[in-house]
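A look at the structure
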Amino acid sequence: MTLIAENLKAIKAKIAKCGNTGVIAVSKNHGAEAVLEAIKADQLLFGENRVQEAYSKFPDIKKQFPAVRLHLIGPLQTNKVKDALALFDVIQTLDREKLAREFAKHNAKQEMFIQVNIGREEQKAGIAPEEAEGFYKLCTQELGLNVVGLMCIPPADLDPVAFFNALKEIRDRLDKNLKLSMGMSGDYEIAAQMGASYVRIGTAIFGSRNY
Ligand SMILES: *Cc1c(COP(=O)(O)O)cnc(C)c1O
C-alpha cells in the first residue's frame, strides 16, 4: 500500500464511528500523481484552493475518472467565476455579496457552502457570524443559489471546539438540514465527533506542502 493509501485508510478508520463524515482530500501544492494515488485508494472527493492550479491537474483527471468531485476551498475572485464554475462541482467559499451576485449572473447550479468567518479574523475571508442569516436569505431567496451548508476555518492557535459549536449554532438557526464543512489535518477527529458533514484534509493525507 502507498503512504497516501495508508493515510486515507487510517483517517477513515478514525472517523468511521462518527457516522457520515465525508473526507475531502486537499491536493493543493501536490501534483496529479498524488491525486491519482488517492483515487486508486478509492478517494473521490478532492479540494483545491486556487482555480489556476486546479486547472493544471483536474480536467484530465475528471475525464479519466468522471466520479471525481472537486470542491473549491479557497477565495475566488469574481473575474474567475466562469472558469471556476466550469471545473468545480462544489463551491465551499461563498464569502461575500459581490461573489454571490456573480454566481447568480452565471446561473450557477453548483452546491455551495457559505464561508463564515467564525473567529472574526481580519485576515480571513467569510461572512461575519451575525450577518450569516441575512446573507443566507439573500443567496437562497433572492438569488436562487443552491446553498447546502456552512464552512469555517477556525483561528489557527485556539481550541476549535467553541468555533465548531458556534458554526453549528448558526446552522441550527438557519436550517437544521444544512451541512457543515469543518475540520482539517489538526482537528478533523474533533470535527467529525461534533457532526461535520465534511472534513478537509491535506497534510495528513499527502504530507507537508512545499511552497
Ligand atoms: C489547505 C486547506 C485545508 C487543508 O489543510 P491541512 O491542514 O493541510 O489539512 C483545509 N481547508 C482549507 C480551506 C485549506 O485552505
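Here is a short report on the structure shown in this document. (Residues numbered from 1 in each chain as written. Predicted model: local features only at pLDDT ≥ 70, side-chain atom pairs only at ≥ 80, totals over all residues. Heavy atoms only, no water.)

1. Remarks on the site of the ligand
Around the ligand, the neighbouring residues are Val26, Lys28, Ile73, Met151, Ile153, Met184, Ser185, Arg200, Ile201, Gly202, Thr203 and Arg209. At a separation of 2.5 Å, an oxygen atom of the ligand approaches a polar side-chain atom of threonine 203. Relative to its unbound accessible area of 390 Å², the ligand is 89% covered by the protein chains. Of all the cavities here, the one that holds the ligand is the largest pocket. Grouping the constituent residues of the shell around the ligand by class yields six nonpolar, three polar and three charged. (Near = heavy atom within 4 Å. Polar contact = N/O pair within 3.5 Å; in protein donor to acceptor, adjacent residues only side chain to side chain. Areas by Shrake-Rupley, 256 points an atom, 1.4 Å probe, with all protein chains shown as cover. 1 Å grid on protein atoms, 1.4 Å probe; cavity = no way out; pocket = protein on both sides within 12 Å on 5 of 7 lines; lining within 4 Å. Sits in = over half its atoms within 2 Å of the grid points. Nonpolar A, V, L, I, M, F, W, Y, C, P; charged D, E, K, R; others polar.)

2. Side note on the layout of surface pockets
Sizing a probe to match a water molecule and rolling it over the atoms shows the empty space that remains. The volume enclosed by the largest pocket comes to roughly 310 Å³. The wall of the largest pocket is formed by 20 residues, among which Lys28, Ile73, Ile153, Met184 and Arg200 lie closest to the centre. Estimates place the volume of the second largest pocket at around 200 Å³. Every residue along the wall of the second largest pocket is listed here: Lys124, Ile153, Pro154, Pro155, Ala156, Leu158, Pro160, Met184, Ser185, Gly186 and Asp187. Class assignment of the residues belonging to the lining of the second largest pocket gives a composition of seven nonpolar, two polar and two charged. (Points joined across faces, edges and corners; volume = space filled by probe spheres on them.)

3. As for the environment of glutamine 77
For glutamine 77, the position within the fold is in the loop between strand E3 (69-72) and helix H5 (81-87). Take glutamine 77: its relative accessible area is 46%, and that puts it in the partly exposed class. Considered as a pair, glutamine 77 and leucine 99 are 22 residues apart in the sequence and their alpha carbons are 7.7 Å apart. (Helix = DSSP H or I, 4+ residues; strand = E, 2+ residues; numbered from the N terminus. Buried < 20%, exposed > 50% of the residue type's maximum accessible area, 1.4 Å probe, protein only.)

4. Considerations on the pattern of salt bridges
The final tally for this structure, using the stated rule, is 12 salt bridges. Of the charged contacts, one joins glutamate 53 and lysine 57 as a salt bridge, the two residues approaching to 2.8 Å between their closest N and O atoms. For the pair formed by glutamate 53 and lysine 57, the shared burial category is buried. Beyond isolated ion pairs, a larger network of salt bridges with shared partners links Glu48, Glu53 and Lys57. (Salt bridge = Lys/Arg side-chain N within 4 Å of Asp/Glu carboxyl O.)

5. Here we look at the side chain of asparagine 7
Position of asparagine 7 relative to the elements: it lies in helix H1 (residues 3-15). Among the polar contacts made by the side chain of asparagine 7, one reaches the main-chain carbonyl oxygen of isoleucine 205 at a distance of 2.9 Å. Every residue in contact with asparagine 7, bar those within four places of it in the chain, is listed here: Ala204 and Ile205. (Contact = heavy atoms within 4.5 Å.)

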